[in-house]
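Notes for the structure review
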Amino acid sequence: MRRIAPMLLAALAVLAAACEKKTQPAPSGEGGAQATQQGQPAAPGGGNVPASGDVILLGQVGALTGGQATFGISTRNGIEMALKEANAAGGVKGKKLAIRVYDNQSKPEEAAQATTRLITQDKVAIILGDVASSNSLAMAEKAQAAGVPMITPSSTNTTVTQKGDYIFRVCFIDPFQGYVMAKFAREDLKLNKVAVLQDNKSAYSIDLSDVFTRKFTEMGGKITTTESYSQGDTDYRAQLTAIRKTQPDGIYVPGYYSEVGVIARQAREVGLKVPLMGGDGWDSEKLFELGGSAIQGSYFSNHYSPDNPDPRVQKFISEYKATYGGVPDALAALGYDAARVAIEALKRSKDLSGPAVRDAIAQTKDFPGVAGTITLDDKRNAVKSAVVLKVGDGKTEYVTTVNP
Ligand code: PHE
């Protein structure tokens, strides 16, 4: 019974999703969707529910705990919403959709292992995830080798989709995102000298830092210094002091919210008053809490703005709020979009085999996502606009849109 109980729980969770029983809105992950029961490594093997004839199983690997926890949770909520809608509308090919979710604890090794589990045990039709590019890179390796299609909702590092023809994304890539902020810094903020502070443990951060540096310099700006930290660090004063000495008029910090919030406070502490700028990795409601007033007035590039008046976007926001009780961030929007692209592809696909589903995803064209219209190019990337947001008091403010 000991061993069987978790299996039954997991099975029930999948079926509950498939049968469209109301799942708990659980931002913490506790009882939320299927994450806790299925994702915990505490029950090894316990998550293996044989694919049933009536259910098409999808998989998600995401950070539900650790330094990027809000990323996985928001993404999971968005995916869950898309699945519920699709099931309510009759499912796909006469079957209901269900999702198996594994927590990667914000670590690439865990992400790789969870992906293998989705492939070999759960035999999912499509893998969704992750957010942080370093995790998606680890996952893509496994998915490509096994010939299981993977769609990352939000990993922007160029190399993720270069892992092979089974790997897709529904967001823009960092060469564009870096350009967006360089242009904004030069043309809107009129900055001349910017310092860069990058996370050396993140493929995303390193690349974005490079692109920004190149573009900002091409536009006639000067980079005063490039300093670095490692994800999880808590003291950035040495780097910030070194930055202060170069007297920049802005600082580009292409990291994740968990570190950026703290960096903002310490920057003010060491006497740096200039604006901070960053990328989509800042996007989390936790940023406001961690950064407090120190982060207000800073800018970051992102995939979507909740201020977008488009009825499609506003409808998504009000439905999301009703279920999960907060304004959806870009991760939720992109999770929703990625799941809907996956579902549409499953509908169009001639069967559920890897190659057929891959071909169907590749044909995604003019798909109306809430974070922009999605057309996948021949490199399996979406070409989309970006927005620049300003950090306000407990919320972001839309500033501008930049088209590719
Ligand atoms: N683009 C980031 C990465 O590739 C992840 C991210 C996307 C974070 C959107 C927040 C919002 O690592």
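An unreviewed UniProt entry lists the chain under the name ABC transporter substrate-binding protein, with Pyxidicoccus fallax given as the organism. Word for word, the UniProt comment on the chain under Sequence similarities (unreviewed entry) is "Belongs to the leucine-binding protein family."

Examining the overall build of the chain
Helix and strand content of the chain: 13 helices and 14 strands. Counting all 404 residues of the chain, 57% fall into the buried class. In the chain, of all internal contacts separated by at least 6 residues, the share reaching a separation of at least 24 is 69%. A total accessible area of about 15500 Å² is found for the chain, and carbon and sulfur atoms account for 53% of it.

Focus: the sheet that holds strand E5 (residues 167-169)
Strands sit in the order E2-E1-E3-E4-E5 across an open sheet of 5 strands; the sheet is parallel. The two strands at the open ends of the sheet, each matched to only one other strand, are strand E2 (96-103) and E5. Strand after strand, the sheet turns through a mean of 25 degrees between neighbouring axes, direction not considered. Bridging between strand E1 (residues 55-62) and strand E3 (residues 127-129) involves 3 bridges; their strand directions are parallel. Paired with Gly59 across the strands is Ile127, a residue of E3.

Notes on the pattern of salt bridges
Inspection of every chain in the model, using the stated rule, returns 11 salt bridges. Of the charged contacts, one joins Glu269 and Arg237 as a salt bridge, the two residues approaching to 3.0 Å between their closest N and O atoms. Residue Glu269 is found in helix H9 (residues 257-269), and its partner Arg237 is found in helix H8 (residues 237-245); the two are separated by 32 residues along the sequence. Judged by relative accessible area, which is 34%, Arg237 ranks as partly exposed. Where salt bridges share partners, they join Asp165, Arg358 and Asp359 into one cluster.

A look at the packing of helix H3 (residues 69-88) against helix H12 (residues 330-348)
Taken N-terminus to C-terminus, the directions of H3 and H12 make an angle of 40 degrees; their axes are 7 Å apart at the nearest point. The orientation of H3 with respect to H12, classified from their angle, is oblique. Handedness of the H3/H12 crossing: right-handed. In contact with Phe71, Ser74, Thr75, Gly78, Ile79, Met81, Ala82, Leu83, Glu85 and Ala86 of H3, H12 contributes Leu331, Ala332, Gly335, Tyr336, Ala339, Arg340 and Ile343. In terms of residue class, the contact of H3 with H12 is built from 11 nonpolar, 4 polar and 2 charged.

Observations regarding the site of the ligand
Around the ligand, the structure places 13 residues, and the nearest of them are Ser133, Ser154, Thr156, Tyr256 and Asp280. At 2.7 Å from a nitrogen atom of the ligand is found a side-chain nitrogen or oxygen belonging to Thr156. Protein contacts shield 100% of the accessible area of the ligand, which totals 320 Å² for the unbound molecule. Split into classes, the residues belonging to the shell around the ligand amount to 6 nonpolar, 6 polar and 1 charged. In terms of domain composition, the shell around the ligand takes at least three residues from each of domain 1 (30-172 + 310-384) and domain 2 (175-302).

Side note on the packing of aromatic side chains
For the structure on display, the rule yields 13 aromatic pairs. Lying over the aromatic face of Phe216, Arg186 brings its terminal NZ or CZ to 6.0 Å of the ring centre. Over the ring of Tyr166 we find Arg358; its NZ or CZ atom is 4.7 Å from the centre of that ring.

Conventions adopted
Residues numbered from 1 in each chain as written. Predicted model: local features only at pLDDT ≥ 70, side-chain atom pairs only at ≥ 80, totals over all residues. Heavy atoms only, no water. UniProt positions renumbered as here; feature names shortened; annotations may be inferred. Helix = DSSP H or I, 4+ residues; strand = E, 2+ residues; numbered from the N terminus. Buried < 20%, exposed > 50% of the residue type's maximum accessible area, 1.4 Å probe, protein only. Contact = heavy atoms within 4.5 Å. Areas by Shrake-Rupley, 256 points an atom, 1.4 Å probe, with all protein chains shown as cover. Pairing = 2+ DSSP bridges. Axes fitted to C-alpha atoms, helices over the stretch in contact; angles between N-to-C directions. Salt bridge = Lys/Arg side-chain N within 4 Å of Asp/Glu carboxyl O. Parallel < 35°, antiparallel > 145°, perpendicular 65-115°, else oblique. Left-handed = near helix turned anticlockwise from the far one by under 90°. Nonpolar A, V, L, I, M, F, W, Y, C, P; charged D, E, K, R; others polar. Near = heavy atom within 4 Å. Polar contact = N/O pair within 3.5 Å; in protein donor to acceptor, adjacent residues only side chain to side chain. Domains from an automatic or database assignment. Phe/Tyr/Trp six-rings, centres within 6.5 Å; stacked < 30°, edge-to-face > 60°. Lys NZ or Arg CZ within 6 Å of the ring centre and 35° of its normal.

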